[in-house]
Structures are given as structure tokens and as C-alpha cells.
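# Observations on the three-dimensional arrangement
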Amino acid sequence: MSIDSDTAADPTGDRVDELATAFGEAIAELPVYKRFVEAKEAVENDDEAQEAIQEFEQIREEFQLARQTGRASQEDLRQLQNAQEELHEIPVMSDYLAVQNELELRLQELNEIVSEELAVDFGQKAGGCCED
């Protein structure tokens, strides 16, 4: 049985799909979401930020490999933390992280509203099957 045949037999399902689409569109119209998109684009278009991101990712991968093999040192951890601090000090990155946090808080508020109606953590259940 396909999903399409299920929704055709269930007009309530169609309405829920319409409401979910409208909900997503409404979120995309939130000022905080628009600021997030702008901040993300600013980071993506900033050469200094992109270089720092690549450097941080390389250091992080090296640290994770060293940790998995039991060779990670405190100096390795300090190097990773320093790279992260340097990345976060770049103005466009700092702005991005601040608005990302603000957006996450707003989405959490919306999740709580939906979850209250469902008596289940909607965001957690909708987000996937696995947790870190």
C-alpha cells in the first residue's frame, strides 16, 4: 500500500498536509528565520569565515580520530577549542550563531505548542530515530 492511496482515502490526512505546509510557510516568514537565512548566506559568502570553518573542521576530524585511537592529548583538545573560539570571533560567524540560537529557541517554542496537543515530543519524534 502506498502513501498516496492512504491520503486519498483519508481527507483528514490531506487537511493535515495542507496545515503542515502552511505551518512551514509561516515559519519561513518569521523575521528570525529571514535573519537566519541572511546570516547563513553572509557566512557562506565570507572568505575568512569559510577558511576558518575548513580549518576548524580539519582540526576536529583529526581530534576525533586521535580520540578514537586513544592518542588525543590535552594539547589536541586545546587546539580544537582555540580554533572554535577563533571561528566564533569572526563577526559574520558570531552573528550567524546568535541568530541560529534565536531561531532554535523559537522553533522549540513552536515544538512545545504542537507537542502539547499530541502529548508527545513532536520535534524529537519527527526529527529522526536516533539521538546522540
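Since this is a predicted model, take the numbers as computed values, not measurements. (Residues numbered from 1 in each chain as written. Predicted model: local features only at pLDDT ≥ 70, side-chain atom pairs only at ≥ 80, totals over all residues. Heavy atoms only, no water.)

Moving on: the overall build of the protein. Secondary structure summary: the protein contains seven helices and zero strands in total. Start at the N end of the protein and walk to the C end: the helices and strands fall as α-α-α-α-α-α-α. Counting all 132 residues of the protein, 18% fall into the buried class. Split by element, the accessible area of the protein, about 10,100 Å² in all, is 50% carbon and sulfur. (Helix = DSSP H or I, 4+ residues; strand = E, 2+ residues; numbered from the N terminus. Buried < 20%, exposed > 50% of the residue type's maximum accessible area, 1.4 Å probe, protein only. Areas by Shrake-Rupley, 256 points an atom, 1.4 Å probe, with all protein chains shown as cover.)

Here the focus is the environment of P31. Considering the arrangement of structural elements, one finds P31 in helix α3 (residues 31–44). Accessibility expressed as a relative area gives 54% for P31, which makes it exposed. Distance in space between the C-alpha atoms of P31 and L103 is 9.5 Å, their sequence separation being 72 residues.

At a closest axis distance of 5 Å, the pairing of helix α5 (residues 74–89) and helix α6 (residues 91–118) adopts a crossing angle of 90°. Our classification of the angle between α5 and α6 gives roughly perpendicular. Every residue of α6 that contacts α5 at L87, H88 and E89 is listed here: P91, M93, S94 and L97. Classifying every residue of the contact of α5 with α6 gives four nonpolar, two polar and one charged. (Axes fitted to C-alpha atoms, helices over the stretch in contact; angles between N-to-C directions. Parallel < 35°, antiparallel > 145°, perpendicular 65-115°, else oblique. Contact = heavy atoms within 4.5 Å. Nonpolar A, V, L, I, M, F, W, Y, C, P; charged D, E, K, R; others polar.)

This part is about the nonpolar core. Nonpolar side chains in soluble globular proteins tend to be buried together. Ranked by internal contacts, the top residues of the largest apolar core, which has 20 residues, are L87, I90, M93 and Y96. When contributions to this core are tallied by element, the ones reaching two or more residues are α3, α4 (47–68), α5 and α6. Dropping the residues within four chain positions of it, Y96 is found in contact with F36, A39, K40 and V43. (Core = buried A, V, L, I, M, F, W, Y, C linked by side-chain atoms within 4.5 Å.)

Here we come to a nonpolar patch on the surface. Together, L118, V120 and F122 give the surface a local cluster of nonpolar side chains, amounting to about 240 Å² of exposed area. Positionally, V120 belongs in the loop between α6 and α7 (122–127). (Patch = residues over 30% accessible without salt bridge, like charges linked within 9 Å, V, L, I, M, F, W, Y side chains within 5 Å. Salt bridge = Lys/Arg side-chain N within 4 Å of Asp/Glu carboxyl O.)

This next bit is on a negative patch on the surface. A contiguous patch of negative charge on the surface is contributed by D47, E48, E51, E55, E85, E86 and E89. Of all the secondary-structure elements, those providing two or more residues to the negative patch are α4 and α5. Broken down by element, the negative patch gets its largest block of residues, four residues, from α4. Along the chain, E89 falls in helix α5. (Lys, Arg positive; Asp, Glu negative; His and termini not counted. Charge placed at Lys NZ, Arg CZ, Asp CG, Glu CD.)

Taken over all residues, the pLDDT of the protein has a mean of 89, while the share at 70 or more is 86%. Taken element by element, the protein is modelled with least confidence in helix α1 (residues 3–8), mean pLDDT 50, and with most confidence in α3, mean pLDDT 98. (pLDDT = per-residue confidence, 0-100.)

As for its placement among the helices and strands, I90 is situated in the loop between α5 and α6. In this structure I90 comes out as buried when scored by relative accessible area, which is 6%. Taking C-alpha positions, I90 is 9.9 Å from D46, a pair spaced 44 residues apart along the chain. Those residues in contact with I90, other than ones at most four positions away along the chain, are E48, A49 and A52.

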